[in-house]
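Residues per chain, in single letters:
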Amino acid sequence: RERERERITAQSSTHKHSTMSSSPPSSSENPSQSKITSSQLVWSTIGLCGAALSTHYLIMNVYPYSGFFALHLLNSNLSPKETPYTAQSIGPHAGLMVSAFPIGRFVAAPSWRKAADTYGRKPVLIWSVIMTIVSNLLFGFSNTYFSATAVRFITGEFTVLTLEYGLEVWHI
C-alpha cells in the first residue's frame, strides 16, 4: 500500500508539472498582461457609463408619461359604446406598464446568467444591448396598450446583463 501511495503521488506531481508547463504564463511572469492601457481605460469607462445611462434611462423614461400613454392607447382602441378611461381610472394600467420592465428583468435573470456562462459574457452582452435597442424602439411604436406592456416586459428581459457583465467584459 505504501508503494501504491508513492506511485500515485509521483503520477499526480508529474501531471501537475506537465499541466503547469503547458499553461500560459501568469501575470507575475508576464506583467504586460495585467496592465490596462490608458486608451483601454478611457473606452472602458465610456462603455460602462453608456451602459449605466441606458439602463437607468430605460427604467425611468416611462415614468413621466406612462399615464398619458396608457390613457391614449386604451382610449384609442375603444368602441363608441364603451366608457372612455379617465385620468382617475388610468392609474393601475399605467402602473402595470411601468412595472412590466422590472418584472421582465426578474424573470429573465437566471436564463441570461446561464447563457453568459455557456456562450461567453461578451457575445451575450452584445446581443443583450442590440435587442434592448430594438425592443425600446418597438415600445415607442406600440399602438395598443397590450403591445406596449408586452414590449416593455421584453425590454426588461433583455437589459438584465447590461451592467452586471459590463464590468467583466471591459476588465474593470
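See the structure above.
### Re the overall build of the chain
When helices and strands are counted, the chain shows seven helices and zero strands. Along the chain direction, N to C, the helices and strands of the chain fall in the order α-α-α-α-α-α-α. Within the chain, buried positions represent 28% of all 172 residues. Taking contacts inside the chain between residues at least 6 apart in sequence as the whole, the part at least 24 apart equals 77%.

### Quick look at helix 6 (residues 145-158)
Between the first and last C-alpha of helix 6 there are 20 Å, a value that for 14 residues agrees with the 20 Å anticipated at 1.5 Å per step. Residues of helix 6 that are buried make contact with helix 2 (38-60), helix 3 (66-76), helix 4 (91-119) and helix 5 (121-140).

### Quick word on the packing of helix 4 against helix 5
Close contact between helix 4 and helix 5 brings their axes to 10 Å; oriented N to C, the two are set at 155°. As summarised for this structure, helix 4 and helix 5 are arranged roughly antiparallel, according to the angle between their axes. Every pair of crossing elements has a handedness; the one defined by helix 4 and helix 5 is right-handed. Each of M97, W112, A115, A116, D117 and Y119 in helix 4 lies in contact with helix 5, whose residues at this interface are R121, P123, V124, W127, S128 and F139.

### Topic: the packing of aromatic side chains
A complete count under the given rule lists three aromatic pairs for this structure. Here F69 and F139 contribute two aromatic rings whose centre-to-centre distance is 5.5 Å and whose plane-to-plane angle is 70°, an arrangement assigned as edge-to-face. Taken together, the residues span a long stretch of sequence, with F69 in helix 3 and F139 in helix 5 at a distance of 70 residues. Both rings, one in W112 and one in F158, keep their centres 6.0 Å apart while their planes meet at 65°; by these two values the pair is edge-to-face. Taken together, the residues span a long stretch of sequence, with W112 in helix 4 and F158 in helix 6 at a distance of 46 residues. Of the two residues, W112 and F158, neither departs from the other in class, the shared state being buried. Three or more aromatic residues link up through ring pairs in this structure, and these residues are Y65, F69 and F139.

### Some remarks on the nonpolar core
Membership of the largest hydrophobic core comes to 13 residues, with the highest contact counts inside it found for F69, A70, M97, F139, Y145 and A148. Listed by contribution, the elements that provide at least two residues to this core are helix 3, helix 4 and helix 6. A70 has contacts with I90, H93, A94, M97 and Y145, leaving out every residue within four places of it along the chain. Of all hydrophobic cores here, the second largest spans nine residues; its members include W112, A116, M131 and F158.

The rules we used
- Residues numbered from 1 in each chain as written.
- Predicted model: local features only at pLDDT ≥ 70, side-chain atom pairs only at ≥ 80, totals over all residues.
- Heavy atoms only, no water.
- Helix = DSSP H or I, 4+ residues; strand = E, 2+ residues; numbered from the N terminus.
- Buried < 20%, exposed > 50% of the residue type's maximum accessible area, 1.4 Å probe, protein only.
- Contact = heavy atoms within 4.5 Å.
- Expected span 1.5 Å × (residues − 1).
- Axes fitted to C-alpha atoms, helices over the stretch in contact; angles between N-to-C directions.
- Parallel < 35°, antiparallel > 145°, perpendicular 65-115°, else oblique.
- Left-handed = near helix turned anticlockwise from the far one by under 90°.
- Phe/Tyr/Trp six-rings, centres within 6.5 Å; stacked < 30°, edge-to-face > 60°.
- Core = buried A, V, L, I, M, F, W, Y, C linked by side-chain atoms within 4.5 Å.

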